Amino acid sequence: MPPLVTIIKRISISLLIGLVIGALINEISFLFLRETARAPKVVELVIPDGTAERVARGETPPALPDSMTFVVGDTLLVRNEDKTDHELGPLWIPAGTSASLALDSAQSYAYSCSFQPEKYFGMDVHEPLTFGTRLYGILYSGLPLGGLIALYVVIMPEKRKDKK
């Protein structure tokens with residue numbers, strides 16, 4: 001059995017290796033969530049003039065997305081520059097006016113929509129990606145991995161040097 005100092009050193013190095021691997025894995029996955037790594041803000045959606053005519057012909061207005069991604073706390077401000085009144089879920093937006101929708105909970109929405117040919121508008125609301133979220137992810141994956149590595153290193157027999 002190796003001395004206690006050697007065991008503590010092995011466990012410490014194993015935990016450090018686990019945390020480094022956890023940080024790498026989590027940071028790579030967080031790269032895909034870049035659009036939610038921000039503070040809540042007001043997001044403006046403008047319905048351009050002529051949208052109702054395009055939708056009636058079955059065309060998708062070029063300036064309007066099919067769906068959008070938000071973070072909890074965002075406010076969607078819909079500004080209607082069209083000559084026709086429009087609807088987006090609970091919002092009724094008369095021509096030349098605007099309406100806002102507070103996004104207070106993380107979920108996916110599928111709202112009825114008058115400015116899309118499919119008559120539907122998708123919105124995904126996510127928790128904002130903060131430093132605390134990132135740290136939690138690193139610790140949640142890195143510490144158990146480091147613990148497993150430490151367990152293996154402590155149990156693994158020590159290589160013996162042959163005397164000649």
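Residues numbered from 1 in each chain as written. Predicted model: local features only at pLDDT ≥ 70, side-chain atom pairs only at ≥ 80, totals over all residues. Heavy atoms only, no water.

1. Structural notes on the sheet that holds strand 7 (residues 107–112)
Condition: The criterion for strand pairing is that DSSP finds at least two bridges linking the strands in question. In this text, helices come from DSSP runs of H or I with a minimum length of four residues, and strands from runs of E with a minimum of two, each type numbered from the N-terminal end. In this description, a line fitted to the C-alpha atoms serves as the axis of each element, helices being fitted only across the stretch in contact, and the angle between N-to-C directions of two axes falls anywhere from 0 to 180 degrees.
Taken in spatial order, the three strands of this open sheet run 2-8-7, and their pairing is mixed. Taken across any chain shown, the strands that pair with only one partner, and hence form the sheet edges, are strand 2 (67–71) and strand 7. Neighbour-to-neighbour, the strand axes of the sheet open up by a mean angle of 20 degrees, direction not taken into account. The pairing of strand 2 with strand 8 (residues 120–126) spans five bridges and is classified as parallel. In the strand pairing of strand 8, Val71 is matched with His126.

2. Observations regarding a nonpolar patch on the surface
For clarity, the cut-off: Residues form patches when they are more than 30% accessible in relative terms and have no salt bridge. Like charges link within 9 Å. Nonpolar side chains (Val, Leu, Ile, Met, Phe, Trp, Tyr) link within 5 Å. Note that accessible areas follow from Shrake-Rupley with a 1.4 Å probe, and for residues the cover is restricted to the protein chains shown. Each salt bridge in this description consists of a side-chain nitrogen of Lys or Arg and a carboxyl oxygen of Asp or Glu lying within 4 Å of one another.
On the surface, Ile11, Leu15, Phe131, Leu135, Leu139, Leu143 and Val154 cluster together to form a nonpolar patch covering roughly 570 Å² of accessible area. Looking at the nonpolar patch, the elements with two or more residues in it are helix 1 (4–31) and helix 3 (131–155). By residue number, the principal contributor to the nonpolar patch is helix 3, which donates five residues. Along the polypeptide, Val154 turns up in helix 3.

3. A closer look at the sheet that holds strand 3 (residues 75–80)
Strand order in the open sheet made by the three strands is 1-3-6, with mixed pairing throughout. With one partner strand each, in any of the chains shown, strand 1 (42–47) and strand 6 (98–102) form the two edges of the open sheet. If you compare each strand with its neighbour and ignore which way they point, the axes differ by 20 degrees on average. Summarising the sheet, strand 1 and strand 3 pair through six bridges and their orientation is parallel. Its bridge partner being in strand 3, Ile47 is matched across the sheet by Asn80.

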